[in-house]
Structure formats: C-alpha cells, structure tokens
Amino acid sequence: MSTVQNAGKDKPVAAHPEIDLVKERAEILRRYRGLLRAIKGERTAEENRMIRKAFNIAVEAHKEQRRKSGEPYIYHPIAVARICAEEIGLGATSVVAALLHDTVEDTDLTLDDVKDLFGPTVATIIDGLTKISGLQFGTDSIQAENFRKVLLTLAQDVRVILVKLADRLHNMRTLDSMARDKQLKIASETLFLYAPLAHRLGLYNIKTELEDLSLKFKEPAVYNEISLKLKKGEAVRKRFISRFILPIKQALDREGLAYEIKGRPKSVHSIYNKMLKKHVTFEEVYDVFAIRIILDTRAELEKADCWKVYSVVTDYYQPNPDRLRDWISIPKANGYESLHTTVMSPGGRWVEVQIRSKRMDEVAEMGLAAHYRYKDEGDHASALDAWLNRIREVLDDPSTNALDFVNDFKLNLFSDEIVVFTPQGDMRSLPAGATALDFAFDIHSHVGRQCIGAKVNHKLVPLSQPLRSGDQIEIITSKKQQPKEDWLNYVATAKARHKIKQALRDQKKKLAVVGREAVQRQLRKWGAKIDAANVNLLIAYFRATSAMDLYYQVARGKHVLEDIGDGGTGQVVQVKNGRLVLPKVKHAPDERTLEEVVAEIRGDKNSALLIGDDLQKIDYNLSPCCNPIAGDDVFGFITLNEGIKIHRVNCPNAVQLMSNFAYRIVKARWKGKDSVEFLAGLRFSGIDDVGLVNKITTIISHEHNVNMRAISFESHDGIFEGKVKAYVHDTDHLNALMEKLKRVRGVRIVERVDH
Ligand code: MN
C-alpha cells in the first residue's frame with residue numbers, strides 16, 4: 001500500500017549485517033529518556049507505567065522495520081511522542097497514543113489488543129489515527145475525503161488531530177530520504193491541509209515550521225536564497241533591536257513590571273508569500289522588524305498591564321494608528337490574544353510590537369493544549385468550542401460532496417476574522433470578506449434564505465456588501481424570497497455556501513418533478529414505453545449525467561424533446577415495440593476512460609514525460625496560469641478534455657492540483673535545448689528617466705535577439721511601470737535578460753509575471 005499519508009513510512013527491511021544492534025539499542029533508550037524529560041508537569045505512577053508499557057510494546061512491534069533513511073523505525077514514534085509533549089504540551093495519554101500510533105496499521109498489534117492493554121481512550125485515538133492514514137488511492141476526491149475524515153475525528157477527540165500533526169511534522173523533518181516526486185506530493189499536501197489546520201488550532205510554531213519545510217522541498221532554490229539572506233541580516237537585526245528596546249526596558253523597569261523581550265525573526269515562507277502577494281523585494285518585506293514583549297503578571301491585571309506597556313512604547317515611538325490590533329478585548333476564534341502596534345523608529349524604520357501576557361504567549365505558541373491547561377481560569381476556550389461546533393454542524397449533513405466541502409471549508413480556514421454586531425448588540429465573528437448575506441446565514445438559515453436586503457450601520461446596502469469589523473447589521477427578510485444561484489458568488493463562509501447549495505438542490509428537485517412529467521408525457525405521445533430503458537436512451541442522447549439531470553434540464557427548457565431529430569437531418573424519432581429509436585448524434589470520438597488515456601501517455605509509470613519537439617505526438621499545452629518556459633521546474637497534469645497541461649512547480653494552482661489529484665500528476669522535464677521559443681512576461685518599475693523606455697526596448701530587441709510581442713509603459717509622478725511580453729528560449733536566456741534590464745539606470749524591480 002502506498003498512500004500519501006504514509007510519509008516517510010516504508011516496508012519492513014531487514015537490518016544490515018554490519019549494523020551494531022547493541023549501539024542501536026542504547027540509542028533507542030537514550031531517545032526514550034529524552035522523551036520522558038520532555039513531558040511537562042507531574043505524572044502519576046500509573047501514567048509512568050503506561051508510558052513504559054507503550055514504549056516496550058512499540059519497540060517490540062516495530063523491531064523488524066526501518067525507515068527509508070535506514071534508521072530503526074521506533075525512532076519515529078518516539079520523536080512524534082516527544083513533539084506531542086514538548087511542542088504541543090500534551091500529557092501522558094497522548095504520549096502513549098503517539099508511541100503506538102503506527103502499530104495497528106503497520107504491525108500485528110490489533111485495536112482490541114490496544115484496548116485491552118491501554119483502555120478505551122487510547123484505543124479511540126489510535127483508531128482515529130489509523131482511519132485517517134488507512135485510506136487508499138482510487139477515487140477523484142480522495143484527498144478531500146481524507147480531510148473530511150480528519151475533521152470528523154477531530155470532532156471525536158481533538159487529540160487525534162494533534163498527534164497526527166506531530167506525526168506529519170516529524171515526517172516533514174525527515175523528508176530528505178524520500179524520492180523527489182513523493183517529496184513534492186507530501187509537501188503540497190502539508191501546505192494544503194496540515195499547515196492551515198495547525199494555524200486554525202492556534203499551533204503557531206508548528207504551522208510555521210510546516211510551511212517552511214514545505215517550501216524547502218517544493219522550491220529549494222527560493223528557500224535557500226531567502227534563508228541565506230535572513231542569516232546574513234541577523235546580526236544587523238539584533239543590533240537594531242537592542243538599541244530600539246533600550247529606552248522601553250528602562251521605562252518598564254521603573255514601572256516595576258516583570259517582562260521578557262524577544263526579537264521575532266520572520267519565517268522564510270511568510271517572507272516569500274509577502275514578496276509574491278505584494279510584488280515587493282526581500283528587503284522590503286524584511287525591513288519591518290518585529291519584537292514581542294511578554295509580561296509576567298497576574299490574570300486579573302494582564303489586560304491593564306498590556307495597555308500600560310502600550311503606553312510606554314508609544315511614549316518613545318510614534319505609532320501608526322491604522323496598525324493597532326486589539327485581540328485582547330476580542331480574541332481571535334483560534335484563541336489568539338495579543339496587542340499589536342506598529343511604531344516608527346528614529347531611523348525611519350517601522351517596527352511591529354506585540355504585547356501580551358505569559359499565558360497569552362503560551363496559548364499563541366502552543367495553541368489548544370495550553371487552552372485546556374488554562375481553561376479553569378476563564379472562558380478562553382469558548383471561541384474554540386464555537387469553532388468545533390461549526391465544524392460538526394457542516395459535517396452532520398451526509399449529502400455534502402467531499403470536494404465541495406473541503407473547498408468551502410478552506411475558505412474559513414485561511415481567512416482572518418472580523419467582528420460585527422446584531423441590532424441588539426450581540427457580537428458575531430465572521431471570516432474577513434464575509435458579506436451581509438453571510439451574516440444573515442450566520443444568524444439562522446431561515447433568515448439567510450429569506451434575506452432580501454440589509455442595513456449596515458442604518459444604511460441600506462446590497463446583500464453582496466463586504467462587512468467590516470464593528471459594523472452593526474440588520475437583515476431584511478421576505479417570505480417570498482428564495483436563494484439564487486449567484487448568491488454563491490458573494491458569500492465567504494462555508495455555512496452560507498452550504499445552506500445555499502442545499503436550498504438550490506431542493507429547488508432543483510422540485511423542478512425535476514415537473515421535468516419528469518414532461519418526459520413521460522412525450523414518451524406517451526410517441527407511443528413509447530415509459531420505462532428506465534427509454535429514459536436511459538434520452539439521457540445518452542442529451543449527454544445528461546443522470547435521470548435527475550435530464551428532468552431538470554427539460555424543465556428548464558434546455559433540452560426540448562419535441563425537437564429531437566429535427567433540424568434538416570431528415571431523421572425523426574421512431575418507436576419499435578415500445579422502444580425508442582433515436583437518431584444518431586455526433587459524439588466526440590474519444591470514448592476511452594481517463595485511466596486508459598493516463599496509462600497510455602505515461603507508459604512506464606516511473607519515467608518522466610519529456611517536453612520537447614517530439615511531444616507533438618501527444619496533446620499537451622503550457623498552462624496559461626503560470627506560463628512555464630524551458631528550464632522551469634515543471635510537472636504535467638492530465639486534464640479530462642485538454643490533454644496534458646504543463647505547470648510550473650511553483651504555480652499558484654500547483655498545491656491544490658498535487659494534493660487533490662495526485663494520481664493525475666506526471667513527472668515532466670524539458671528535453672535538451674532546442675529552437676522552441678516561449679512567451680514570457682516581465683514586469684519592471686523604477687524611477688522615470690529620460691530615454692529609459694528606449695534603453696529597455698533596445699536591450700530586449702537588439703542585444704538579446706529577442707522578439708517582443710507586447711510592451712506597455714505607464715508613468716505617474718516620476719515612477720514608471722512597464723510590462724513586456726517577449727519570446728525566450730529558456731530560463732537561462734530569460735535570467736540573462738532580466739539581469740541586463742536590472743542594470744539600466746533608474747530600473748528598480750524586474751520580475752517575471754505569469755500572465
Ligand atoms: Mn507515523
């Protein structure tokens with residue numbers, strides 16, 4: 001079995017005769033003792049006994065197995081257990097479950113054995129973990145279905161998902177020994193699913209590490225370049241920060257506050273993301289430094305003390321009023337609490353200052369587990385409970401298509417939140433981008449379905465109006481209203497989408513009843529039998545997807561039964577012994593299944609597709625979304641109707657394609673260098689200078705022998721922006737051209753654009 005969930009997992013391999021088993025045994029014990037030290041808090045004698053037992057059983061069960069790296073397999077469960085204890089702050093039960101997490105799936109141990117030995121709680125967690133990873137490839141939406149399963153288990157016992165995240169983190173840390181295509185697949189899946197999940201659960205550190213590791217394997221060149229630059233800038237950053245915090249420290253000491261100040265280095269992934277999103281250079285992202293002030297203070301004083309620190313900081317440095325974020329008064333749904341401000345340093349550099357208590361900091365870094373530890377001290381976990389409830393609500397409907405579900409759900413996973421109010425002043429939190437219609441569905445699905453308009457802050461607005469934090473919303477309803485198809489275009493919450501789709505499905509069903517009567521009427525008119533065989537003939541004729549679809553389209557007037565055979569063909573509907581004989585329709589010639597096409601194109605499963613002049617034989621094209629050129633790191637994606645599409649590995653759609661449709665991905669590489677030319681887009685900007693446009697066009701057309709296809713320049717207040725589309729041979733050719741353009745006086749940024 002080979003599933004993407006089994007990252008880093010391998011078939012049992014016999015130990016190499018030269019391996020020193022005595023030494024290995026000592027190393028296993030050393031790692032086990034490291035795990036014991038990492039478990040926080042007091043343990044009962046019974047808990048210690050359970051952990052020891054789990055360790056012994058796991059060692060025995062995995063003794064014949066080795067990882068791809070050649071190491072004993074047991075290193076993996078020990079490491080996962082240690083992450084659970086040390087980095088998520090989980091207790092003995094989770095450590096036991098983590099030690100055993102691969103046993104039921106990979107060894108002779110059964111779930112009943114686990115239940116007998118460790119009790120029902122551990123067995124439930126192991127069962128959940130086994131179910132998540134025990135799924136095989138086969139259907140279209142397998143990844144989506146997995147995601148749904150992940151969330152279902154989350155609703156049972158949240159520890160399942162936490163152990164799973166620890167498992168994934170360790171697999172990502174040890175991804176080096178896997179094959180390149182596996183690395184890409186696992187890294188994409190991590191970025192698509194596990195990092196957002198960690199984020200949503202408030203596991204900030206784990207989310208960041210998962211993202212950085214994914215980038216490291218997906219785009220090693222980018223990763224290495226940014227981390228190198230980060231390392232180089234480290235000394236400068238430290239010097240700057242220590243000078244910046246000096247007056248703050250002195251003032252806080254005078255106030256008698258106990259505190260700790262940390263300079264916060266940014267993650268590689270977050271820098272890269274900002275560079276892509278805002279079209280800025282590394283330096284421009286990196287230039288905003290961040291520090292964190294963590295107060296050691298009593299629970300009842302923490303809010304007041306945080307604002308006291310805010311006041312100290314802004315005494316010395318000018319704050320940007322647009323950048324004040326108060327997540328202490330209103331925490332984020334994942335439980336995050338903190339006070340953020342951005343201030344100007346004397347050198348003219350923006351510095352983000354995060355102010356929070358020690359408790360808030362632990363919650364922010366370790367998330368959920370810390371929540372539970374502090375649960376008795378307040379209502380801090382309630383936001384998270386509300387979130388879990390929302391998940392259960394969506395999961396409860398068995399009719400949801402798994403892929404839709406994931407897409408809808410991810411909308412909510414990725415987004416930030418806004419806080420809005422009902423006319424009565426009740427607070428509701430919604431994802432950023434939510435509209436008045438989302439709000440209506442959030443109140444109640446009846447309110448949503450009958451919503452005809454909304455008043456935001458007493459002003460009438462369209463349903464599609466995006467809301468902003470602090471808005472007060474009143475929904476206007478009418479009994480006659482029904483959800484419309486286009487409503488789906490302007491809702492941002494999974495709940496609203498889900499409810500609208502449900503309502504549309506109901507409407508469709510009602511229409512289908514009408515359509516069914518029409519079909520039966522026509523069959524009678526033709527003198528044909530009213531049976532499934534005749535209906536199937538009509539389905540095939542119209543290429544409908546199901547009887548329901550046929551009825552619906554008939555009711556909507558898309559398929560007109562009376563018109564069959566007309567249109568000058570001379571052919572008409574005939575009936576023989578009650579059976580319809582319909583005229584032939586021209587169908588597309590390719591009636592092979594997708595699997596057959598895939599197999600044919602792929603040939604040997606492991607060989608990569610060579611892209612070059614002889615690829616004309618098969619139907620392929622370069623995807624317009626990322627516009628690959630020779631030399632780019634690429635993969636092929638087998639589409640249903642358009643042959644193979646070649647995407648760049650760093651295409652914005654790649655993550656989704658690779659994790660949802662892994663089995664349709666083919667390895668691809670460029671074959672040699674030939675005379676093929678590729679269209680590439682370049683964007684550049686800088687300070688307008690006399691003759692600049694002329695210089696640029698000269699470089700492109702003469703010096704490099706490149707054919708330009710389109711060029712445009714704009715200039716505002718001395719700043720120019722230009723776009724060029726030109727034909728190049730490959731990435732080397734393109735890079736050389738970009739280097740030349742960068743050297744032109746006045747040009748500040750030259751970058752490749754995808755379309
Ligand atoms: Mn594992």
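Residues numbered from 1 in each chain as written. Predicted model: local features only at pLDDT ≥ 70, side-chain atom pairs only at ≥ 80, totals over all residues. Heavy atoms only, no water.

## What about the side chain of Arg648?
Rules: Strands are runs of DSSP state E lasting at least 2 residues, helices are runs of H or I lasting at least 4, and numbering of each runs from the N terminus. Note on contacts: a residue pair qualifies if any of its non-hydrogen atoms lie within 4.5 Å across the two residues.
The residue Arg648 is located in strand β17 (residues 644–648) in this model. Not counting residues within four places of it along the chain, the set of residues in contact with Arg648 comprises Cys626, Asn627, Pro628, Asp632, Asp633, Val634, Phe635, Ala654, Arg752 and Asp754.

## Description of the environment of Val122
Our working definition: Remark: exposure states derive from per-residue accessible area (1.4 Å probe, protein chains only) relative to the maximum for the residue type, with buried under 20%, exposed over 50%, and partly exposed in between.
In this structure, Val122 sits in helix α7 (residues 120–133). Given a relative accessible area of 6%, Val122 falls into the buried group. Between the alpha carbons of Val122 and Leu100 there is a distance of 9.1 Å; along the sequence they are 22 residues apart. Not counting chain neighbours up to four residues away, the residues in contact with Val122 comprise Thr93, Val96, Ala97, Leu100 and Val114.

## A few points about the pattern of salt bridges
Stated formally: Only one rule defines a salt bridge in this text: a Lys or Arg side-chain nitrogen within 4 Å of an Asp or Glu carboxyl oxygen.
If you walk through the whole model with that rule in mind, you get 25 salt bridges. Close ionic contact of Glu211 with Lys207 constitutes a salt bridge, the shortest N to O distance being 3.9 Å. Of this pair, Glu211 and Lys207 are both found in helix α11 (residues 204–218), four residues apart, which corresponds to roughly one turn of the helix. Of the two residues, Glu211 and Lys207, both sit in the buried class. The residue Arg359 makes a salt bridge to Glu302 at a minimum N-O spacing of 2.7 Å.

## Quick notes on the sheet that holds strand β9 (residues 451–456)
Picture the strands of a sheet paired through backbone hydrogen bonds; they go either parallel or antiparallel. For clarity, the threshold we go by: Should DSSP find at least two bridges between two strands, the strands are regarded as paired. Axis definition: a line fitted to C-alpha atoms, limited for helices to the stretch in contact. Angles are taken between N-to-C directions and run from 0 to 180 degrees.
The sheet built from three strands is open, its strands ordered β10-β9-β11 with antiparallel pairing. The sheet terminates laterally at β10 (459–461) and β11 (473–477), the two strands that pair on one side only. Averaged over all pairs of adjacent strands, the angle between their axes in this sheet comes to 35°, without regard to strand direction. Looking at chain direction, β9 and β11 are connected through five bridges and run antiparallel. Note that in β11 the partner of Lys455 across the bridge is Glu474. Its contacts with the sheet place helix α20 (residues 436–443) against β9 and β11, and it is angled at close to 80° to β11.

## Quick word on the coordination of the manganese ion
What counts here: Any N, O or S atom lying within 2.8 Å of the metal counts as a donor, with the limit raised to 3.2 Å for Na, K and Ca; because water is left out of the atom set, some sites can appear incomplete.
Bound to the manganese ion on the protein side are His76 (NE2), His101 (NE2), Asp102 (OD) and Asp167 (OD), at distances that span 2.2 to 2.5 Å. In primary sequence terms, the donor set of the manganese ion follows H-x24-H-D-x64-D. A residue pair is termed long-range when its members are at least 10 positions apart, and His101 in the loop between α4 (92–99) and α5 (103–106) and Asp167 in helix α9 (residues 158–173) qualify at 66 residues. An identical accessibility class is assigned to His101 and Asp167; each is buried.

## A few points about the nonpolar core
Our working rule: Only buried residues count toward a nonpolar core, which is a set of Ala, Val, Leu, Ile, Met, Phe, Trp, Tyr and Cys residues joined through side-chain atoms within 4.5 Å.
Leu99, Leu100, Phe118 and Leu210 are the most contacted members of the largest nonpolar core, which totals 64 residues. Listed in part, the 36 residues of the second largest apolar core include Phe244, Ala251, Tyr272 and Val353.

## Quick notes on the pairing of strand β21 (residues 719–728)
For a regular strand, the rule is simple: side chains alternate between the two faces of the sheet. By the alternation rule, side chains of β21 split into Phe720, Gly722, Val724, Ala726 and Val728, which are all buried, and Ile719, Glu721, Lys723, Lys725 and Tyr727, of which none is buried. Bridge count between strand β19 (residues 678–687) and β21: 10 bridges; the pairing is antiparallel. Note that in β21 the partner of Leu682 across the bridge is Val724.

## Notes on the pairing of strand β6 (residues 350–357)
Buried residues dominate β6, accounting for seven of its eight residues. Pairing of strand β2 (residues 289–295) with β6, which is carried by seven bridges, proceeds in the parallel orientation. Paired with Arg292 across the bridge in β6 is Gln354. By the bridge criterion, six bridges tie strand β5 (residues 339–344) to β6 in an arrangement that is antiparallel. Looking at the pairing, Thr342 lines up with Glu352 of β6. Counting the residues in the hairpin turn of β5 and β6 gives five residues, including Gly348, whose phi is positive at 85°.

## Focus on the packing of aromatic side chains
This is how it is decided: We call Phe, Tyr and Trp rings a pair once their centres come within 6.5 Å, taking the six-membered ring for Trp, and we label the pair stacked below 30 degrees between planes, edge-to-face above 60, and tilted otherwise. Only lysine NZ and arginine CZ atoms are considered, and such an atom sits over a ring when it is within 6 Å of the ring centre and within 35 degrees of the ring normal.
On inspection of all chains with the given rule, the structure shows seven aromatic pairs. Ring centres of Phe240 and Phe289 lie 5.2 Å apart, and the angle between their planes is 65°; this geometry places the pair in the edge-to-face category. Here Phe289 lies in strand β2 and Phe240 lies in helix α12 (residues 220–255), a separation of 49 residues in the sequence. Given the relative accessible area of 4%, Phe289 is considered buried. Taking 6.5 Å as the distance between ring centres and 75° as the angle between the ring planes, the aromatic pair formed by Phe441 and Trp487 counts as edge-to-face. Within this pair, whereas Phe441 is found in helix α20, its partner Trp487 is found in the loop between β11 and α22 (494–526), the two being separated by 46 residues in sequence. On the basis of relative accessibility, which here comes to 1%, the residue Phe441 falls in the buried class. Judged by relative accessible area, Trp487 falls into the buried class, the value being 2%. The side chain of Arg31 reaches across the aromatic face of Tyr75, ending 3.7 Å from its centre.

## Digging into α11
Helical periodicity: at 3.6 residues per turn, an α-helix aligns residues three or four positions apart in one direction. As a reminder, the rule being used: By this rule, a helix spans an expected 1.5 Å times one less than how many residues it contains.
With 15 residues, α11 ought to run about 21 Å at 1.5 Å a step, and its terminal C-alpha atoms sit 21 Å apart, in line with that. The buried fraction of α11 amounts to 11 of the 15 residues, a majority that puts the element mostly inside the structure. Those residues of α11 that sit buried are Ile206, Lys207, Thr208, Leu210, Glu211, Asp212, Leu213, Ser214, Leu215, Phe217 and Lys218.

## Some words on a positive patch on the surface
Quick reminder of the rule: Patch membership needs two things, relative accessible area over 30% and no salt bridge, and members are linked within 9 Å if like-charged or within 5 Å if nonpolar (Val, Leu, Ile, Met, Phe, Trp, Tyr). The Shrake-Rupley method, run with a 1.4 Å probe, gives the accessible areas here. Residue values count only the displayed protein chains as cover. Residues scored as positive are Lys and Arg, those scored as negative are Asp and Glu, and His as well as the terminal groups of each chain are ignored. Positions of charges follow a simple convention, taking NZ of Lys, CZ of Arg, CG of Asp or CD of Glu.
A cluster of like positive charges, contributed by Lys274, Lys277, Lys278, Arg323 and Arg325, occupies part of the molecular surface. At three residues, helix α13 (residues 268–278) tops the list of elements feeding residues into the positive patch. Turning to its location among the elements, Lys277 is positioned in helix α13. Its relative accessible area of 69% is what places Lys277 among the exposed residues.

## Quick notes on the side chain of Lys645
Assignment of secondary structure puts Lys645 in strand β17. Classification of Lys645 by relative accessible area gives buried; the value is 16%. Contacts of Lys645, omitting those with residues within four sequence positions, involve Asn621, Ser623, Phe635, Gly636, Phe637 and Thr639.

Interpretation note: all reported values are geometric properties and have no functional meaning in isolation.
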